[in-house]
Amino acid sequence: MTPEEFLSHISGPVRRTSRGWQAHCPAHQDRSPSLAVAEGERGLLVKCWAGCTAEAITRAMGMAVRDLFYDTDLDPVALHQTRAQRQAQRMRRLAESHVMGLEVDSQREAQRFIERIRNIDISNWTDTHLNRAYDALAAAHHRLQAEGPDCYYDFTIQL
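Residues numbered from 1 in each chain as written. Predicted model: local features only at pLDDT ≥ 70, side-chain atom pairs only at ≥ 80, totals over all residues. Heavy atoms only, no water.

Let us look at the sheet that holds strand S3 (residues 35-39). What links the strands of a sheet is backbone hydrogen bonding, and the strands pair in either a parallel or an antiparallel sense. Read across the sheet, four strands follow the order S1-S2-S3-S4 without closing on themselves; strand pairing throughout is antiparallel. Only two strands of the sheet have a single neighbouring strand rather than two, namely strand S1 (14-16) and strand S4 (44-48). Strand-to-strand twist in this sheet, taken as the mean axis angle between neighbours without regard to direction, amounts to 20 degrees. Across three bridges, strand S2 (residues 21-23) lies against S3 in antiparallel orientation. Bridged to Ala23 within S3 is Leu35. (Pairing = 2+ DSSP bridges. Helix = DSSP H or I, 4+ residues; strand = E, 2+ residues; numbered from the N terminus. Axes fitted to C-alpha atoms, helices over the stretch in contact; angles between N-to-C directions.)

See below:
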């Protein structure tokens, strides 16, 4: 069973986390999400932080624990191919997560740069220093207004 198939059986909101997904546990009355779902090497990993067992969770969803394992009924060649596809999907999600992290880091650095240069005295700066500062400031401002470039800017000013 794929994570998407498993998560489609969960009622209520499912939130993506850095390690997998988080949702309300179907095995008990859950007011806040306590079910963690992640991909393992041979199947899905489920953990209820309120203490429900994997058997109780799958039973509440009309499944069995064996359903959490990947493709146990496939022949070795097909099993190898599906494992390779899952690995490629994991690598793609990891790359997307890395790009999002770079974008967040870049936006945070741009914001810090703009906050750092407020109220500094530039009266003694040369035109070269001013031009460098204006270029860095323009890059930081542009980065904060951009909707999603996947590059990382260095906002330091060489004086």
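Attention shifts here to the side chain of Ser34. In this fold, Ser34 is placed in the loop between S2 and S3. Assessed through its relative accessible area of 9%, Ser34 is described here as buried. Discounting residues that sit within four places of it in the chain, Ser34 has contacts with Ala23, Cys25, His28, Lys47, Cys48, Trp49 and Ala50. (Buried < 20%, exposed > 50% of the residue type's maximum accessible area, 1.4 Å probe, protein only. Contact = heavy atoms within 4.5 Å.)

In this section: the nonpolar core. Core analysis: the largest hydrophobic core is formed by 17 residues, its most contacted members being Phe6, Ile10, Leu35, Val37, Val46 and Ile57. At the level of secondary structure, the elements contributing two or more residues to this core comprise helix H1 (3-8), S2, S3 and S4. The leading source of residues in this core is S4, at three residues. Ignoring anything within four residues of it in the chain, the contact list for Val46 reads Phe6, Leu35, Ala36, Val37, Ala54, Ile57 and Leu68. (Core = buried A, V, L, I, M, F, W, Y, C linked by side-chain atoms within 4.5 Å.)

To continue, consider the layout of surface pockets. A water-sized probe rolled over the atoms picks out the places where empty space is left. Volume-wise, the largest pocket comes out at about 440 Å³. Taken together, 16 residues make up the lining of the largest pocket; nearest its centre are Arg16, Ser18, Arg93, Leu94 and Ser97. Listed by contribution, the elements that provide at least two residues to the lining of the largest pocket are S3 and helix H3 (76-117). (1 Å grid on protein atoms, 1.4 Å probe; cavity = no way out; pocket = protein on both sides within 12 Å on 5 of 7 lines; lining within 4 Å. Points joined across faces, edges and corners; volume = space filled by probe spheres on them.)

Counting buried residues in S3 gives four out of five residues, a clear majority hidden from the surface. Here S3 runs beside S4; their pairing, made up of five bridges, is antiparallel. Among the inter-strand pairings, Ala36 is bridged to a residue of S4, identified as Lys47. Two successive antiparallel strands, S3 and S4, enclose a turn made up of four residues.

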